[in-house]
Amino acid sequence: MKLKMLLKTFNNSFNSFMKIFIFSLTFLLISCNEKTINYTELNDANSPVKSSIFNVSNTKTFQDLPSLGSLSKLYFGTEKGTENLYSLIKFNIFSGFLPPLSVNDMLTESVVVDSALIFFQTTETYDSDYALSLFSINHNSNDVFSSDSTNYYNLSNYIDHEENATFLKNISLENIEPDETGFATLNFLFKDQDLDFLLDNFFDTNVYPSLTLMLKTEEGLSDLFTVESHNSSNAPKMKVWFKTIENEEVVLDTFATFFSNSDITIFKPEEISNIDQNSISLSSVTGLKSIVEFDLSSLNQLSK
């Protein structure tokens, strides 16, 4: 008996729902205008469709450059008038494995560093006579990625990285070709005197706390060339092979890996001309944006 009453109640509710649904659908179909408004109707005095024209009162084209700090690539060379000057790469002070070691630990008397390898990876197939150079940023600030240090080169207040850089080493960009993994590795190997110079000018964070490298190609590189940034799984890294000495005996012979934690490409944008400023811009790479202002003062005068 209860089951029959439940079924009867359900059927009544369902029938009521269907009546409301059909009525709503019919009302919607009747209300919709299926006819597309043609442009000619806007100029037809007898047409029920009315239009109004609002004049442009002001326009402005300006340069709003993109921030490159979140991309998976670091850029070199020139692209559509924008010159990629160099890239900055900051490393962690501690190694990525346990027990954690700092770069300052490599300077203690009980540690003998055998060699160091700073390497970058690229997906590019490249063959050029140009060289890729590595510098250490010897600035007394521990953060050269602050608001005063920017890839917006049209700002006047920034750290002059090139004036605060010490040359470390360069490598050739000849015969760069990815292997079966899809990547080619660009190795900067430091041994002997080169290693001593690196330890003095990069590892000593008490004197130079930024722990930041500058990667730069020679001037005149017209082709675009990229390496993987810290946002990539193939980010820049530094391996240091060392020995720990106690009582004139080697107690540990191993290596530590230091990972990059931030980087950015510093570029010089293409200068915008008077033609760019007076025209609405649809472009790529140049970073131009346009604002158009309309005079809406006649809007209140329109008939409703």
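Every chain begins its residue count from 1, and numbering advances along the sequence as written. Only residues with pLDDT of 70 or above have their local features reported here, since the model is predicted, and side-chain atom pairs are shown and tallied only from 80 upward, although totals for entire chains, interfaces and linings are computed over all residues. Note that the side-chain values use all heavy atoms of the structure and ignore hydrogens as well as water.

Moving on, we come to the overall build of the protein chain. Here a helix means four or more residues in a row that DSSP labels H or I, a strand means two or more in a row labelled E, and each is numbered from the N terminus. If you tally the helices and strands in the protein chain, you get four helices and 12 strands. Relative accessibility under 20% of the residue-type maximum defines a buried residue, over 50% an exposed one, and the middle range a partly exposed one, all with a 1.4 Å probe and only protein chains included. Among the 304 residues that make up the protein chain, the fraction classed as buried is 34%. Counted over contacts in the protein chain with a minimum sequence separation of 6, partners at least 24 positions apart contribute 82%. Counting only carbon and sulfur atoms, one obtains 52% of the accessible surface of the protein chain, whose full area is about 19,300 Å². We call two residues contacting when some pair of their heavy atoms lies within 4.5 Å. In short, Shrake-Rupley with a 1.4 Å probe defines the accessible areas, and a residue's cover is counted only from the protein chains shown.

With respect to the helices and strands, the residue F135 is situated in strand 5 (residues 131–137). Sequence spacing of F135 and T166 is 31 residues, and the spatial spacing of their C-alpha atoms is 5.2 Å.

This paragraph deals with unusual backbone geometry. Negative phi characterises most residues that are not glycine, and trans characterises most peptide bonds. The backbone of D192 sits at a positive phi, close to 55°, despite the residue not being glycine. Here D192 is to be found in helix 3 (residues 192–203). At N247, a residue that is not glycine, the phi angle is positive and equals roughly 50°. Relative to the elements of secondary structure, N247 occurs in the loop between strand 10 (237–246) and strand 11 (249–268). According to the relative accessible area criterion, N247 is exposed, its value standing at 76%.

Residue position: E228 is located in strand 9 (residues 225–228). What qualifies as a polar contact is a pair of N or O atoms within 3.5 Å, subject to a donor-acceptor requirement within protein and to the restriction that residues adjacent in sequence count only when both atoms come from side chains. Only 2.8 Å separates the side chain of E228 from the side chain of S232, close enough to count as a polar contact. Aside from chain neighbours lying at most four places away, what touches E228 is S72, K73, L74, Q121, T123, F183, N234 and P236.

With that settled, consider the confidence of the model for the protein chain. A residue's pLDDT is the confidence the predictor assigns to it, expressed on a 0 to 100 scale. Taken residue by residue, the protein chain gives an average pLDDT of 76. The fraction at 70 or more is 65%. Considering each helix and strand of the protein chain separately, the mean pLDDT is smallest for helix 1 (residues 2–31), with a value of 50, and largest for strand 7 (residues 184–190), with 96. Here residues 27–33 is modelled with pLDDT under 50, and outside its nearest four sequence neighbours on either side it reaches zero contacts, counting other chains as well. Segment residues 147–155 is flagged for pLDDT under 50; beyond a separation of four residues in sequence, or across chains, it makes 27 contacts in the model.

For any pair of aromatic rings, the description rests on two quantities: the centre-to-centre distance and the angle between the ring planes. Pairing of aromatic rings covers Phe, Tyr and the six-membered ring of Trp, with a centre-to-centre limit of 6.5 Å; geometry is then stacked below 30 degrees between planes, edge-to-face above 60, and tilted otherwise. As enumerated under the stated definition, the model contains seven aromatic pairs in all. Pairing F202 with F203 gives two aromatic rings, centres 6.0 Å apart and planes at 85°, and the pair type is edge-to-face. Taken together, the aromatic side chains of F76, Y126 and F225 make up a single cluster linked through ring pairs. Its guanidinium or amino end placed over the ring of F190, K169 lies 5.9 Å from that ring's centre, counting from NZ or CZ. Think of it as a cone above the ring: NZ of Lys or CZ of Arg counts as a charge over the ring if it is within 6 Å of the ring centre and within 35 degrees of the ring normal.

Among the structural elements, N234 can be located in the loop between strand 9 and strand 10. Of the residues examined, N234 reaches a relative accessible area of 16% and is grouped as buried. In terms of polar contacts, N234 uses its side chain to reach the side chain of Q121, at 2.7 Å. If near-sequence neighbours (up to four positions away) are discounted, N234 is found in contact with Q121, F183 and E228.

The next subject is the pairing of strand 10. Summarising the sheet, strand 4 (residues 111–122) and strand 10 pair through eight bridges and their orientation is antiparallel. Paired with V111 across the bridge in strand 10 is T244. Note that strand 10 and strand 11 share 10 bridges and pair antiparallel. Following the sheet pairing, F242 is matched in strand 11 by T254. DSSP-based pairing: two strands are paired if at least 2 bridges between them are found. Taking the residues between adjacent antiparallel strands as the criterion, strand 10 and strand 11 are bridged by two residues, where N247 takes a positive phi near 50°.

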